[in-house]
Amino acid sequence: KPVIIAHPMVLGTDFNKLPDECFIEINNRYIWKNDWQTVFPKLKNRFRFVLGSDAHKPSWLNQQIARYVARELEIEETLLFE
């Protein structure tokens, strides 16, 4: 079954070992610390993406940074639950 690959750039995920059915997370907490402009364009035609945020406190970022990255890369967010 497909799984969500959380924080793939931070955890050093080897995308070559993942089935195409996996969902790749774009997360506010780590996206701005990594080279998303290089990593995600190579993946956008292979995987589906979910947008996440670790906004556990009211003053933390919500999903706006993840949505910005998705727009820039022309990635459509996959909603798992509506």
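Everything below is about the structure printed above this text.
Every value quoted in this text rests on a predicted model; they were computed, and no experiment measured them.

What counts, and at which threshold
Residues numbered from 1 in each chain as written. Predicted model: local features only at pLDDT ≥ 70, side-chain atom pairs only at ≥ 80, totals over all residues. Heavy atoms only, no water. Pairing = 2+ DSSP bridges. Helix = DSSP H or I, 4+ residues; strand = E, 2+ residues; numbered from the N terminus. Salt bridge = Lys/Arg side-chain N within 4 Å of Asp/Glu carboxyl O. Buried < 20%, exposed > 50% of the residue type's maximum accessible area, 1.4 Å probe, protein only. Contact = heavy atoms within 4.5 Å.

1. Some thoughts on the sheet that holds strand 3 (residues 48-52)
With parallel pairing, the 3 strands of this open sheet are ordered in space as 1-2-3. Where the open sheet ends on each side, the last strands, each with one partner, are strand 1 (4-5) and strand 3. Summarising the sheet, strand 2 (residues 23-27) and strand 3 pair through 5 bridges and their orientation is parallel. Looking at the pairing, Phe23 lines up with Arg48 of strand 3.

2. A few points about the pattern of salt bridges
Side-chain pairing between opposite charges can occur once the charged atoms of the two side chains come close. On inspection of all chains with the given rule, the structure shows 1 salt bridge. A salt bridge links Asp20 to Arg46; its shortest N-O distance comes to 2.5 Å. Of this pair, Asp20 sits in the loop between strand 1 and strand 2 while Arg46 is found in the loop between helix 2 (36-39) and strand 3, placing the two residues 26 residues apart along the sequence. Asp20 sits in the partly exposed class, given a relative accessible area of 44%.

3. Details of the environment of Arg48
Relative to the helices and strands, Arg48 resides in strand 3. Separated by 24 residues in the primary sequence, Arg48 and Ile24 have C-alpha atoms spaced 6.3 Å apart. With sequence-adjacent residues up to four places away left out, Arg48 is seen in contact with Glu21, Cys22, Phe23, Ile24 and Thr78.

4. Here's the deal with the environment of Val69
For Val69, the position within the fold is in helix 3 (residues 64-73). Judged by relative accessible area, Val69 falls into the buried class, the value being 1%. For the pair Val69 and Asn27, spaced 42 residues apart in the sequence, the C-alpha separation amounts to 9.6 Å. The contact partners of Val69, leaving out residues within four places of it in the chain, are Ile26, Ile31 and Trp36.

Keep in mind these numbers describe shape, not what the thing actually does.
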